[in-house]
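# Structure assessment
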Amino acid sequence: MLSYSSYMLIAAAALLVTCNALPKYPGIPGLPSIPGLPGRDNLKGQTRLSGLRGASGSLVRPPVKQLTCPQGLPNSLNTELHKVLVNLKHRLSRLKGVLVLNGNIREVGEKILATNGKKVDFASALASCEEARGTLATPMNEEENKAILGIVKKYNRYAYLGIKEGEDSGQFKYLNGMHVNYTKWHQNEPNGKRTEKCVEMYTDGSWNDKRCNLPRLTICEF
Ligand code: MMA
Ligand code: CA
């Protein structure tokens, strides 16, 4: 959704905001105020400093010394970057609202889950996820397993997970090679004895080791 240059801009803006842009920020015309951030609508003629209070109610003052700030960047650029950051955050939160509303994504912790609705083999499913800069949905705890299950149930289709049996060890691992530390095997699974190297989620959320060449619902995490 965002280009690399946008990410760099956000990173730069985030760094700068922690330095000195926030207390000076005058608000963005036309942009609604956002809770927790000072905006023009929030200030109502107060001095900016008196309008900025932390959670405890005490004044949040600009840092006296700015030893950690990058040197040589003019304040105008600093303020501009902050405006871009606030605008992007606001836009992202609205886009997220649209996606959640339409059932296109599910959020669980920091993860975002999504499906393209397609049923393909393991390699093709993984390729689709990676092409979209994600990976196959990989439940690391009960909450994530339930979130993936929500999609499995909605489509009433089993889905491959981002877990595979190691070539030598016969142990099931995440796609980055780490050993799985949360499992939800169905009773008497895994039983493939190295012939079923992939893992599918059943429509009750439990797991089965399975051959990798069957059509299964593609669910990615981002
Ligand atoms: C199938 C296959 C296996 C699974 C068993 C469970 C017969 O094999 O899906 O992976 O373990 O069913 O009965
Ligand atoms: Ca099995």
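See the structure shown above.
Below is a short write-up of the structure. (Residues numbered from 1 in each chain as written. Chains lettered and ligands numbered in written order. Predicted model: local features only at pLDDT ≥ 70, side-chain atom pairs only at ≥ 80, totals over all residues. Heavy atoms only, no water.)

## A short note on the side chain of asparagine 145
Formally: Strands here are runs of E lasting at least two residues and helices are runs of H or I lasting at least four, both read from the DSSP assignment and numbered beginning at the N terminus. Under the scheme applied here, a residue whose accessible area is under 20% of the maximum for its type counts as buried, over 50% as exposed, and between as partly exposed, the area being computed with a 1.4 Å probe on protein chains only. A contact between two residues is defined here by any heavy atoms of the two lying within 4.5 Å.
Relative to the helices and strands, asparagine 145 resides in helix α6 (residues 142–155). Among the residues examined, asparagine 145 registers a relative accessible area of 2% and is labelled buried. If we skip the residues at most four places from it in the chain, asparagine 145 touches Pro139, Tyr182, Lys184, Met201, Gly205 and Trp207.

## Quick word on the packing of aromatic side chains
Basically, it comes down to this: Two aromatic rings from Phe, Tyr or Trp, using only the six-membered ring of Trp, form a pair when their centres are within 6.5 Å; if the ring planes differ by under 30 degrees the pair is stacked, by over 60 it is edge-to-face, and anything between is tilted.
Counted according to the given criterion, the structure contains five aromatic pairs. Ring geometry for tyrosine 158 against tyrosine 202: centres 4.9 Å apart, planes inclined by 55 degrees, an arrangement best described as tilted. With a gap of 44 residues between them, tyrosine 158 in the loop between α6 and β4 (159–165) and tyrosine 202 in the loop between β6 (198–201) and β7 (207–210) connect regions that are remote in the sequence. Since its relative accessible area comes to 34%, tyrosine 158 is described here as partly exposed. Aromatic side chains tyrosine 182 and tryptophan 207 sit 5.8 Å apart centroid to centroid with 75 degrees between the ring planes, which places their arrangement in the edge-to-face category.

## Some details on the coordination of the calcium ion (ligand 2)
The condition that has to hold: Counted as donors are the N, O and S atoms within 2.8 Å of the metal, or 3.2 Å for Na, K and Ca, while water is not among the atoms, so some sites may look incomplete.
Looking at the calcium ion (ligand 2), one finds its protein donor set to be Glu189 (OE), Asn191 (OD1), Glu196 (OE), Asn208 (OD1), Asp209 (O) and Asp209 (OD), positioned 2.2 to 2.6 Å from the metal centre. Binding-site remark: the calcium ion (ligand 2) is held by donors from one chain whose sequence spacing is E-x1-N-x4-E-x11-N-D. On the criterion of sequence distance, the pair formed by glutamate 189 in the loop between β5 (172–174) and β6 and asparagine 208 in strand β7 is long-range, its members being 19 residues apart. You'll find glutamate 189 and asparagine 208 in the same group, each marked buried.

## Remarks on the nonpolar core
To keep things clear, this is the line we draw: Throughout this description, the term nonpolar core refers to a set of buried Ala, Val, Leu, Ile, Met, Phe, Trp, Tyr and Cys residues connected via side-chain atoms within 4.5 Å.
Counting residues in hydrophobic clusters, the biggest one holds 20 residues, and the most contacted among them are Leu113, Ile148, Val152, Ile163, Met201, Trp207 and Ile219. Looking at this core, the elements with two or more residues in it are α6, β4, β5, β6 and β8 (216–221). At five residues, α6 tops the list of elements feeding residues into this core. Core analysis: the next-biggest nonpolar cluster, separate from the first, contains nine residues, Leu126, Cys129, Tyr160 and Cys198 among them.

## As for the pairing of β6
Put simply, the test is: Criterion used throughout: strands pair if DSSP finds at least two bridges between them.
The two faces of β6 match: Cys198 and Glu200 on one face and Val199 and Met201 on the other face are all buried. Direction of pairing for β4 relative to β6: antiparallel, over a ladder of three bridges. Paired with alanine 159 across the two strands is methionine 201, which belongs to β6. Here β6 pairs with β7 via four bridges, running antiparallel. Paired with valine 199 across the strands is aspartate 209, a residue of β7. Where β6 folds back onto β7 in an antiparallel hairpin, the turn is made up of five residues, including glycine 205, whose phi is positive at roughly 90 degrees.

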